[in-house]
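Architecture and fold: a report
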Amino acid sequence: MKIRKLNPDIIRKSQVFEYYIGNYKNEDEIFLEEFYEIELSQENLFFPIYIPDKNEEARKAKYRQAFLCMRDNYLKLGRDILLDRNFWYSLFLDKLKDILISEYRISLDSEKDFRNVVLKKFDWENYVYKLIFGAEYIQEMIPDKEDHIRYFDLITENLDVYNYILKSEIFKNSDFLIKFLDTIVETNSSEILKKKIDLSNDKDERVGRRVINEFAKSYPAVFVHALDTEEFKNYFLKYLDHYSRFIK
C-alpha cells in the first residue's frame, strides 16, 4: 500500500484543517509527490486513536482493540516508521480521513479539536504513542500471546503510572513495566497508586509517580532489570510505604 506523504511545511497551517473538513481541494499543496510503502491492507489500518471515554469498560475495550491492532498489524513496520509522526499524520489524512470523521465527529467542530484528535502532538500524551510502546513492551516481554490482553488491560487500568514510565529514560522500560504491573496485581495497590499526596506544594502528584521516581533516583534502580520478583516487590513496598503516609 502506498500512502501519500503529508507536506511537513503545511502541518501547522489552517489549510490542513480546511482539507479535512472538505473546504480545501488543492491536494498538491497538502501532499508531497512521495510515498510511504507498507505491507498492510486497508481493512487492517483503523484502530481507536482518540480514547478519552469516561466509561471505564468502554475505554478498556477501545484500548484493547487498539493495542491488538498495533501488535498484529503495525509493529512489524519497525520504529523508523512507527516513531515518524509524519507517517501517522499522512496515514490519517490520506487513508483514514473518512472513518476518522465518522468515528470522531468532534474533530470537525474546530481546528483546535481537529488537532487534538488527528494531529495531536506526538509524545507520551498521544494515544498512538502510548499504544506503540505498550504493544511493543508486552510483545517483547510476554511470550504467550494469550496473556497479552491481561497486560493491555492492566496498562489501561493504571494509565497514570504507565504515562510516567513512558517519560522515564532511566529504566529498561519493558522489563520495568512488566514487573511494575505484576507487583500492582500481587499487592492489590492499583487504587492507592492513583491517590493524590500532600507534600505542601501546588503540584498534582500521585503516589504511583512518587514510587516510580524513587526507583529512578535510588541506587539499585540502574540494576532494576536484574532484580527478581521478590526483590523488586520489596523496593516497591518500601517506597509505597514512604509516600502512602502523605495521602490526602
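Note that the coordinates shown come from a computational prediction; the quantities given were computed from them, not determined experimentally.

**As for the nonpolar core**
- Phe-47, Met-70, Tyr-74, Trp-88 and Phe-180 are the most contacted members of the largest nonpolar core, which has 81 residues in total.
- With 9 residues, the single largest contributor to this core is helix H8 (residues 127–141).
- Beyond its immediate stretch of four places on either side in the chain, Trp-88 contacts Phe-47, Met-70, Tyr-74, Ile-81, Leu-82, Phe-122, Val-128 and Ile-132.

**Focus: the layout of surface pockets**
- Its boundaries defined by the atoms lining it, the largest pocket holds a volume of some 340 Å³.
- Together, 19 residues line the largest pocket, and Tyr-63, Tyr-127, Lys-130, Leu-159 and Asn-163 are the ones closest to its centre.
- Elements with a contribution of two residues or more to the lining of the largest pocket: helix H3 (56–74), H8, helix H9 (148–157) and helix H10 (159–167).
- A total of 4 residues in the lining of the largest pocket trace back to one element, the largest contributor, which is H3.
- A class-by-class count of the residues in the lining of the largest pocket yields 6 nonpolar, 4 polar and 9 charged.

**Notes on unusual backbone geometry**
- Unlike most non-glycine residues, Asn-188 shows phi in positive territory, near 50°.
- By the element assignment, Asn-188 lies in the loop between helix H11 (173–187) and helix H12 (190–194).

**A word on the packing of H8 against H11**
- Between H8 and H11, whose axes approach to 9 Å, the crossing angle comes to 80°. When the interaxial angle is binned, H8 and H11 end up roughly perpendicular. Contact residues: H8 offers Tyr-137, Ile-138, Glu-140 and Met-141, while H11 offers Asn-173, Ser-174, Asp-175, Leu-177 and Ile-178.
- The class makeup of the residues in the contact of H8 with H11 is 5 nonpolar, 2 polar and 2 charged.

**Examining the packing of aromatic side chains**
- Overall, the coordinates contain 24 aromatic pairs when judged by the stated rule.
- Measuring from centroid to centroid gives 5.3 Å for Tyr-36 and Phe-87, while their planes differ by 80°, and the two rings are edge-to-face. Taken as a pair, Tyr-36 in strand S2 (residues 31–37) and Phe-87 in helix H5 (residues 85–94) lie far apart in primary sequence, 51 residues in all. By the burial criterion, Tyr-36 is buried, and Phe-87 matches it.
- Ring centres 5.6 Å apart and planes at 70° place the aromatic pair Phe-176 and Phe-232 in the edge-to-face group. With Phe-176 in helix H11 and Phe-232 in helix H14 (residues 229–244), this residue pair connects regions lying 56 residues apart in the sequence.

**Regarding empty space enclosed by the protein**
- Tallying each qualifying case throughout the model produces 2 cavities of 30 Å³ or more.
- There is about 40 Å³ of room inside the largest cavity.
- Forming the walls of the largest cavity are Ile-49, Phe-92, Val-117, Val-118, Lys-120, Asn-126, Tyr-127 and Val-128.
- Counted as a void, the second largest cavity has a volume near 30 Å³.
- Considering only residue class, the lining of the second largest cavity consists of 5 nonpolar, 1 polar and 1 charged.

Reading guide: rules and limits
- Throughout, residues of each chain are indexed from 1 in the direction in which the sequence is written.
- Reporting in this predicted model follows two pLDDT cut-offs: at least 70 for local features of residues, and 80 or more for side-chain atom pairs to be given and counted; totals over whole chains, interfaces and linings ignore these cut-offs and use all residues.
- In computing side-chain values, all of the structure's heavy atoms are included and hydrogens and water are not.
- Here the nonpolar core consists of buried residues drawn from Ala, Val, Leu, Ile, Met, Phe, Trp, Tyr and Cys, with membership extended through side-chain atoms lying within 4.5 Å.
- Each residue gets one of three labels from its accessible area relative to the maximum for its type: buried under 20%, exposed over 50%, partly exposed in between, using a 1.4 Å probe on protein chains only.
- Think of it this way: any DSSP run of H or I at least four residues long counts as a helix, any run of E at least two long counts as a strand, and we number them from the N terminus.
- It only takes one pair of heavy atoms within 4.5 Å for two residues to be counted as in contact.
- Lining residues are defined by having an atom within 4 Å of a point belonging to a cavity or pocket. Those points lie on a 1 Å grid over the protein atoms alone, cavities being sets where a 1.4 Å probe fits but cannot get out and pockets being open sets with protein on both sides within 12 Å along at least five of seven lines.
- Grid points are joined across faces, edges and corners, and a volume is the space filled by probe spheres set on the points.
- Amino acid classes used here: Ala, Val, Leu, Ile, Met, Phe, Trp, Tyr, Cys and Pro are nonpolar; Asp, Glu, Lys and Arg are charged; the rest, including Gly, are polar.
- In this analysis an axis means a line fitted to C-alpha atoms, helices contributing only their contacting stretch, and an angle means the value between N-to-C directions, from 0 to 180 degrees.
- To sort the angles, those under 35 degrees are grouped as roughly parallel, those over 145 as roughly antiparallel, those from 65 to 115 as roughly perpendicular, and the leftovers as oblique.
- The pairing test for Phe, Tyr and Trp rings, Trp by its six-membered ring, is centres within 6.5 Å, and the orientation test on the planes gives stacked under 30 degrees, edge-to-face over 60, and tilted for anything in between.

Distances and angles like these do not, on their own, reveal function.
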